[in-house]
Amino acid sequence: IDVRLAQRLLALAGGGAEVFATHQQLASELGSAREVISRVLQDFQKRGLIVQSRGRISLADAGALKAIAESP
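Residues numbered from 1 in each chain as written. Predicted model: local features only at pLDDT ≥ 70, side-chain atom pairs only at ≥ 80, totals over all residues. Heavy atoms only, no water.

**Some points on the pairing of strand β3 (residues 56-59)**
Both strand β1 (residues 18-19) and β3 contribute to a ladder of two bridges, which runs antiparallel. When the bridges of β3 are listed, V19 appears paired with I57. The sheet contact formed by strand β2 (residues 50-53) and β3 spans four bridges and is antiparallel. Paired with S53 across the bridge in β3 is R56. Hairpin connection, β2 to β3: the antiparallel pair is bridged by two residues, and G55 has positive phi, about 75 degrees. (Pairing = 2+ DSSP bridges. Helix = DSSP H or I, 4+ residues; strand = E, 2+ residues; numbered from the N terminus.)

**A look at helix α4 (residues 62-69)**
Here α4 has its buried residues at L65, I68 and A69. Buried residues along α4 cover an arc of 100 degrees about the axis, so they all sit on one side. Here the buried face of α4 lies against α1 (2-13), α3 (34-46), β2 and β3. (Buried < 20%, exposed > 50% of the residue type's maximum accessible area, 1.4 Å probe, protein only. Arc of directions from axis to C-beta. Contact = heavy atoms within 4.5 Å.)

**Here we look at the pattern of salt bridges**
On inspection of all chains with the given rule, the structure shows four salt bridges. The shortest N-O distance in the salt bridge between E29 and R8 comes to 2.5 Å. In this pair, E29 is assigned in helix α2 (residues 23-30) and R8 in helix α1, connecting sequence segments 21 residues apart. A relative accessible area of 42% places E29 in the partly exposed class. The exposure class assigned to R8 is partly exposed, which follows from its relative accessible area of 29%. Of the charged contacts, one joins E35 and R34 as a salt bridge, the two residues approaching to 3.6 Å between their closest N and O atoms. The partly exposed category is assigned to E35, whose relative accessible area is 44%. (Salt bridge = Lys/Arg side-chain N within 4 Å of Asp/Glu carboxyl O.)

**Things to note about the sheet that holds β1**
Taken in spatial order, the three strands of this open sheet run β1-β3-β2, and their pairing is antiparallel. A single partner strand is all that each edge strand has here, and the edge strands are β1 and β2.

Right, here's the structure in full:
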């Protein structure tokens, strides 16, 4: 799910650095549970890839997210 989530975050950012979406919206789009999305996003934040605030996700390291998105 981390690969699919990274791909979706990059797509939603559209080359920018911010995504305006809730964990529930991302879960619905990816066919997953909100809890799973929240867990993966927390992991991304601990690794310094994103910064989360209410309804907004800032991409702190888009290059690293792209590497995750392109991994097999």
